[in-house]
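# Commentary on secondary and tertiary structure
Take a look at the letters that make up each chain.
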Amino acid sequence: MSGRSHRRLVLPGPVEVRRELLEVQANGLIGHRTAEFAELYARIQEGLRRVFLTEQTVFAIGASGTGFWEGAARNCIRPGRRVLHCVGGSFGERWRMVSQANGCAVDSIVVEWGQAHTVAMVADALDRGEYDALCVVHNETSTGVINPLREICELLRDRPDTLLLVDCVSSALGAELRVDEWGIDVALTSSQKCFGLSPGLAFAAVSEAALARAREIAVRGYYFDFLELARYGQRHQTPSTPPVSLLFAADRQLQAVLAEGLAARWERHAALAELTQRWALARGFGLFAEEGARSPTVTAVDNRERGIDVMALVAFARRRGYEIDPGYGKIKGKTFRIAHMGDLTIAEMEAVLAVYDEFLQQS
Ligand SMILES: Cc1ncc(COP(=O)(O)O)c(C=O)c1O
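This is a predicted model, so every value here is computed, not measured.

Of the regular secondary structure elements, the chain holds 13 helices and 14 strands. The principal-axis extents of the C-alpha atoms in the chain amount to approximately 60 × 55 × 35 Å. Considering only contacts in the chain between residues 6 or more positions apart, those separated by 24 or more positions represent 72%. Accessible surface, the chain: about 15000 Å² in total, of which carbon and sulfur atoms supply 49%.

Take a look at the structure:
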């Protein structure tokens, strides 16, 4: 250990990881071409299927969620075809940029930061173009907006040529998500948010339709080639060396998460969000996300009225042993984000909010 004193992470990723999981990571390694590894990976695949509520293909690889943005562009958008991106914050913008960087022709439905995408605007845009895929950020972490994903999914039921690609980086395990029932073709996420794990793993659920699309595309790149990942996955392996230590922790955490129960976990996140929203309103702050679209995993507190010094707040929290967020991108300072994702309990959240209160009282 570095001897550094640990500050508890209350960030919208990376989140605090339970000590038990960190200890599992330090348990020594196994070779990844062994039967023992295949058993581990098979359990993780099964756990992920249960988490994503899918019976189709799942991946767990050494990467961050961004990697599967690239994978989605390479495997799901045919050369020369268009993709439609819903953009309403930093991560929507960045995903669009990754699609462009991979040569995709991109159209976007842009909403003001703090607003959600409506079903009507997505339906209208789908009617006006032919798209290989629609990309939706389920939970826009920069603005604290959750999009009406289930309803948007409905729009694609009678559009089989348009795949539905969903970034659920800050929603998977923190908000309701039903991959098969809702007809999602790619659901991609990262380990360091609601999964409560260390950064370094990217998870995805990929439909048969998405794999069929990949088969139509000759040049799919290498590291994120869905067909190779699926081929190795059938043998409970990964094409290249996986981060075995992180997978040990993922295995343990998937068991814990499933023991908590998906619905219970979603409800706990909703209760944490409600507590945080009430706290903010009672202190004279606003809520940046429009009503009806407020995220269960991260609250963007609107600081424009009160105008507190967010960097002083962050410094104060550090002295109290917490690492908190000063806001993100172009709304940093105008907003600050209170994260309530992962394994956080209501009692822990109350302790965090007490630190915010202490700062407000002394400033
Ligand atoms: C909604 C969303 N999408 C994508 C990302 C990028 O994920 P990663 O940092 O794991 O690549 C983030 C990171 O915060 C995010 O919040």
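Taken together, 13 residues sit near the ligand, with Ser 64, Thr 66, Thr 141, Asp 167 and Lys 193 positioned nearest. The side chain of Thr 66 places a nitrogen or oxygen atom 2.5 Å from an oxygen atom of the ligand. For the ligand, an oxygen atom lies 2.7 Å from a polar atom in the side chain of Ser 190. Expressed as a share of its isolated accessible area of 390 Å², the protein-covered part of the ligand is 90%. Its atoms largely coinciding with the cavity grid, the ligand occupies the second largest pocket.

Before going further, it helps to spend a moment on unusual backbone geometry. Of the consecutive residues Gly 13 and Pro 14, the connecting peptide bond is found in the cis state with omega at -5 degrees. Mapped onto the secondary structure, Pro 14 falls in the loop between strand E1 (8–9) and helix H1 (19–25). Its identity as a non-glycine residue notwithstanding, Leu 173 has a phi of 80 degrees, on the positive side. Among the secondary structure elements, Leu 173 is positioned in the loop between strand E8 (163–167) and helix H7 (179–182). Overall, Leu 173 belongs to the buried group, its relative accessible area being 3%.

This next bit is on the pattern of salt bridges. Applying the stated criterion across every chain yields a total of 27 salt bridges. Between Asp 251 and Arg 43 there is a salt bridge, and its shortest N-O distance comes to 2.9 Å. In this pair, Asp 251 is assigned in helix H10 (residues 244–260) and Arg 43 in helix H2 (residues 35–52), connecting sequence segments 208 residues apart. Close ionic contact of Glu 323 with Arg 318 constitutes a salt bridge, the shortest N to O distance being 2.7 Å. Residue Glu 323 is classed as buried on the basis of its relative accessible area, which comes to 12%. Look at Arg 318 and you get partly exposed, because its relative accessible area is 41%. A cluster of three or more residues bridged by salt bridges with shared partners is formed by Arg 18, Glu 20, Arg 252, Glu 260, Arg 265, Arg 268 and Asp 343.

Quick look at H2 now. The end-to-end C-alpha distance of H2, which contains 18 residues, comes to 25 Å, matching closely the 26 Å that a straight helix rising 1.5 Å per residue would cover. Phe 37, Ala 38, Leu 40, Tyr 41, Ile 44, Gln 45, Gly 47, Leu 48, Val 51 and Phe 52 are the residues of H2 that are buried. In the segment just after H2, Leu 53 is the residue with positive phi, at about 55 degrees.

Our next topic: the sheet that holds strand E4 (residues 105–110). Taken together, seven strands build an open sheet; the order of strands is E2-E10-E9-E8-E5-E3-E4 and the sheet is mixed. The two strands at the open ends of the sheet, each matched to only one other strand, are strand E2 (57–62) and E4. Across this sheet, the average inter-strand angle for adjacent strands is 20 degrees, counted without regard to direction. Across the face of the sheet, helix H4 (residues 90–101) comes into contact with strand E3 (82–87), E4, strand E5 (131–137), E8 and strand E9 (186–190) while running at roughly 165 degrees to E3.

Partitioning the chain into structural domains gives domain 1 (8–14 + 262–362) and domain 2 (19–259). Distance from the C-alpha centre of domain 1 to the C-alpha centre of domain 2: 26 Å. For the pair domain 1 and domain 2, the summed buried surface comes to about 2300 Å²; carbon and sulfur atoms form 60% of the total. Per-residue buried area on domain 1 facing domain 2 is highest for Leu 262, Trp 266 and Tyr 328; these three make up 28% of the total on that side.

Criteria and thresholds
The residue numbers shown here count from 1 along each chain, following its written sequence. The predicted origin of the model limits local features to residues at a pLDDT of at least 70 and limits the giving and counting of side-chain atom pairs to 80 or more, whereas totals for whole chains, interfaces and linings rest on all residues. No hydrogens and no water enter the side-chain calculation; it runs on all heavy atoms of the structure. Secondary structure elements are defined from DSSP: runs of H or I of at least 4 residues count as helices, runs of E of at least 2 residues count as strands, and each element is numbered from the N terminus. Residue contacts are counted whenever heavy atoms from the two residues lie within 4.5 Å of one another. Surface exposure here means Shrake-Rupley accessible area, sampled with a 1.4 Å probe, where a residue is shielded only by the protein chains that are shown. The rule for a residue being near a molecule or strand is that one of its heavy atoms must lie within 4 Å of it. N or O atoms within 3.5 Å of each other form a polar contact, as long as, within protein, one can give a hydrogen and the other can take it, and as long as residues adjacent in sequence are counted only when both atoms are side-chain atoms. Cavity: a set of points on a 1 Å grid over the protein atoms alone where a 1.4 Å probe fits but cannot get out. Pocket: an open set with protein on both sides within 12 Å along at least five of seven lines, its lining residues, like those of a cavity, having an atom within 4 Å of a point. Think of it this way: if more than half of a molecule's atoms are within 2 Å of a pocket's grid points, that molecule is in the pocket or cavity. Under the scheme applied here, a residue whose accessible area is under 20% of the maximum for its type counts as buried, over 50% as exposed, and between as partly exposed, the area being computed with a 1.4 Å probe on protein chains only. Every case where a carboxyl oxygen of Asp or Glu lies within 4 Å of a side-chain nitrogen of Lys or Arg is listed as a salt bridge. Multiply 1.5 Å by the residue count of a helix minus one, and that product is the helix's expected span. Strands are treated as partners if at least two bridges between them are detected by DSSP. In this analysis, axes come from line fits to C-alpha atoms, helices being fitted only over the stretch in contact, and the angle between any two N-to-C directions falls in the range 0 to 180 degrees. What marks off one domain from the next here is an automatic or database domain assignment. By buried area we mean how much accessible surface two parts lose on assembly, using a 1.4 Å probe and totalling the loss over both.

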